[in-house]
Amino acid sequence: MPASERIPPGSVTPADDGLLTVLAKGQLMVRGRVREASNAVLYCEIEYEGVSASCVYKPVAGERPLWDFPDGTLAQREVAAYEISEATGWGLVPPTVLRDGPYGEGMCQLWIETPEEGPDGGLLALVEDEEPGEGWKAIAFAEVGEGRTALLVHADDARLRRLAVLDAVINNADRKGGHLLPTADGKLFGIDHGVTFNEQDKLRTLLWGWAGEPLTAEALEVVARLAEELAEGRPLATRMAELITSAEVDALRARVTALRTTGRHPEPSGEWPAIPWPPV
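This is a predicted model, so every value here is computed, not measured. (Residues numbered from 1 in each chain as written. Predicted model: local features only at pLDDT ≥ 70, side-chain atom pairs only at ≥ 80, totals over all residues. Heavy atoms only, no water.)

**Some points on empty space enclosed by the protein**
A full pass over the atoms with the stated rule returns two cavities of 30 Å³ or more. Computed from the structure, the largest cavity encloses a volume of approximately 80 Å³. Ala164, Asp167, Ala168, Leu203, Thr205, Leu207, Trp208, Trp210, Ala211, His265 and Pro266 are the residues that line the largest cavity. Across the lining of the largest cavity, the residue classes break down as eight nonpolar, two polar and one charged. (1 Å grid on protein atoms, 1.4 Å probe; cavity = no way out; pocket = protein on both sides within 12 Å on 5 of 7 lines; lining within 4 Å. Points joined across faces, edges and corners; volume = space filled by probe spheres on them. Nonpolar A, V, L, I, M, F, W, Y, C, P; charged D, E, K, R; others polar.)

Shown next as structure tokens:
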């Protein structure tokens, strides 16, 4: 990237080594805090050798302890989700690194600007009908007050479907509407991947519209490639071992194998709440 360039937040080139260098080595300047987040999320400007960008910095010290995840591991899981996303070739997670910052080690991720269409970019909706309309997939019925219910739906969108596959691979326990970031140039990013890669099945998502349906040919090719790249000794497997536990790496391989074997999108297990709350 040329000197004095500012990285447009919505224009991301997957696997841009120069961008990762900026995130990893640049000077972080905290500009504010995302207060609605459950953990410490700091909005920052970052600059390295004349290149600047906006980013999110989540220090490990600001992580809230969880009963079902080891303390101080959420930042590593965010980076692991990025690594798996890059391995799919879909580029669904913004560039993310693990680095030291003003408040210690943490995750640093490129800030993504979205059009002002609400937190989910119009990819979710509530409808009064019993069935979703054309171009939509049903999630569940939701109470909307005064004893009324409405059908929660998500768009039948190829980008969302890819994200549903990624979530199944990384065992995402918190895919909310506010974690969907469609950009003005047609890309879709997913964010907030701190509660992923658990050994137990904890898939909790709004993207159940394809549950039980056959995976696309593209998705089958992707999971086959992931299986190869997660084999012992391969670079991706080595990288995962640096970020999550060995038992979690084994569980990751098992999920990929299950997707290849069934050839279908997973369905709710019934052993864990299937939909996050609040959904957005």
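What follows continues from the structure just given.
**Brief notes about the environment of Phe197**
Within the secondary structure, Phe197 sits in the loop between β10 (188–190) and α4 (217–229). A residue is classified by how much of its surface remains accessible, and Phe197, at 0% relative accessible area, is buried. Along the primary structure Phe197 and Glu78 are separated by 119 residues, whereas in three dimensions their C-alpha atoms are 9.8 Å apart. Ignoring anything within four residues of it in the chain, the contact list for Phe197 reads Arg77, Ala80, Ala81, Ile84, Ile170, Asn171, Met240, Ile244, Glu248, Leu252 and Arg255. (Helix = DSSP H or I, 4+ residues; strand = E, 2+ residues; numbered from the N terminus. Buried < 20%, exposed > 50% of the residue type's maximum accessible area, 1.4 Å probe, protein only. Contact = heavy atoms within 4.5 Å.)

**Structural notes on α4**
In an α-helix, one full turn covers 3.6 residues, which means residues spaced three or four apart are oriented alike. Over its 13 residues, α4 runs 19 Å from end to end, which matches the ideal 18 Å to within 8%, given 1.5 Å per residue. Turning to α4, its buried residues are Ala219, Val222, Val223 and Leu226. The buried residues of α4 occupy an angular sector of 95° when projected down its axis, which confines them to one face. Facing away from the buried side of α4 by over 90 degrees, the exposed positions are Ala217, Glu221 and Glu228. Looking at the buried residues of α4, the elements they touch are α2 (74–88), α3 (158–170), α5 (235–243) and α6 (246–262). (Expected span 1.5 Å × (residues − 1). Arc of directions from axis to C-beta.)

**Quick notes on unusual backbone geometry**
The phi torsion at Asn171 lies on the positive side, around 60°, for a residue other than glycine. By relative accessible area, which is 2% here, Asn171 ends up buried.

**Brief notes about the sheet that holds strand β7 (residues 136–145)**
An order of β6-β8-β7 is seen for the three strands of this open sheet, with the pairing classed as antiparallel. The sheet terminates laterally at β6 (124–127) and β7, the two strands that pair on one side only. Going from strand to strand, the sheet's axes swing by 30° on average, the running direction of each strand aside. The pairing of β7 with strand β8 (residues 148–155) spans eight bridges and is antiparallel. When the bridges of β8 are listed, Phe141 appears paired with Leu151. (Pairing = 2+ DSSP bridges. Axes fitted to C-alpha atoms, helices over the stretch in contact; angles between N-to-C directions.)

**Focus on the packing of α2 against α3**
Relative placement of two packed helices is described by the angle separating their axes and the distance separating the axes. At a closest axis distance of 11 Å, the pairing of α2 and α3 adopts a crossing angle of 125°. Comparing their axes, α3 and α2 come out oblique. Once α2 is placed against α3, the crossing between them reads as right-handed. Residues Ala81, Ile84 and Ser85 of α2 touch α3, and the partners they reach there are Leu166, Val169 and Ile170. Here the residues of the contact of α2 with α3 are counted per class, giving five nonpolar, one polar and no charged. (Parallel < 35°, antiparallel > 145°, perpendicular 65-115°, else oblique. Left-handed = near helix turned anticlockwise from the far one by under 90°.)

**Brief notes about the sheet that holds strand β3 (residues 51–59)**
With antiparallel pairing, the five strands of this open sheet are ordered in space as β1-β2-β3-β5-β4. Looking at the sheet topology across the chains shown, the edges are occupied by β1 (27–33) and β4 (96–101). For this sheet, the mean inter-axis angle between neighbouring strands, taken without regard to orientation, is 40°. As judged from the five bridges shared by β3 and strand β5 (residues 104–110), these two strands associate in the antiparallel manner. Bridging across to β5, Lys58 finds its partner in Met107. Taken strand by strand, α2 contacts β3, β4 and β5, and its axis lies near 150° from that of β4.

**Focus on the side chain of Arg77**
Following the sequence through the fold, Arg77 ends up in helix α2. Using a relative accessible area of 2% as the deciding quantity, one classes Arg77 as buried. Polar side-chain contacts of Arg77 include one of 3.0 Å to the side chain of Thr73. Those residues within four positions of Arg77 in sequence are excluded, and the remaining contacts are Phe69, Pro70, His193, Gly194, Thr196, Phe197, Asn198, Ile244 and Glu248. (Polar contact = N/O pair within 3.5 Å; in protein donor to acceptor, adjacent residues only side chain to side chain.)

**Here we look at the pattern of salt bridges**
With the rule as written, the count across this model stands at 16 salt bridges. Across the salt bridge formed by Arg159 and Asp157, the nearest N and O atoms sit 2.9 Å from each other. A relative accessible area of 24% means that Arg159 is categorised as partly exposed. A salt bridge links Glu242 to Arg239; the shortest N-O distance between them is 2.8 Å. You can see Glu242 and its partner Arg239 sitting in helix α5, three residues apart, about one turn around the helix. On the basis of relative accessible area, Arg239 is assigned to the partly exposed category, the value being 26%. Within the structure, one salt-bridge network assembled from shared partners comprises Lys58, Glu78 and Asp192. (Salt bridge = Lys/Arg side-chain N within 4 Å of Asp/Glu carboxyl O.)

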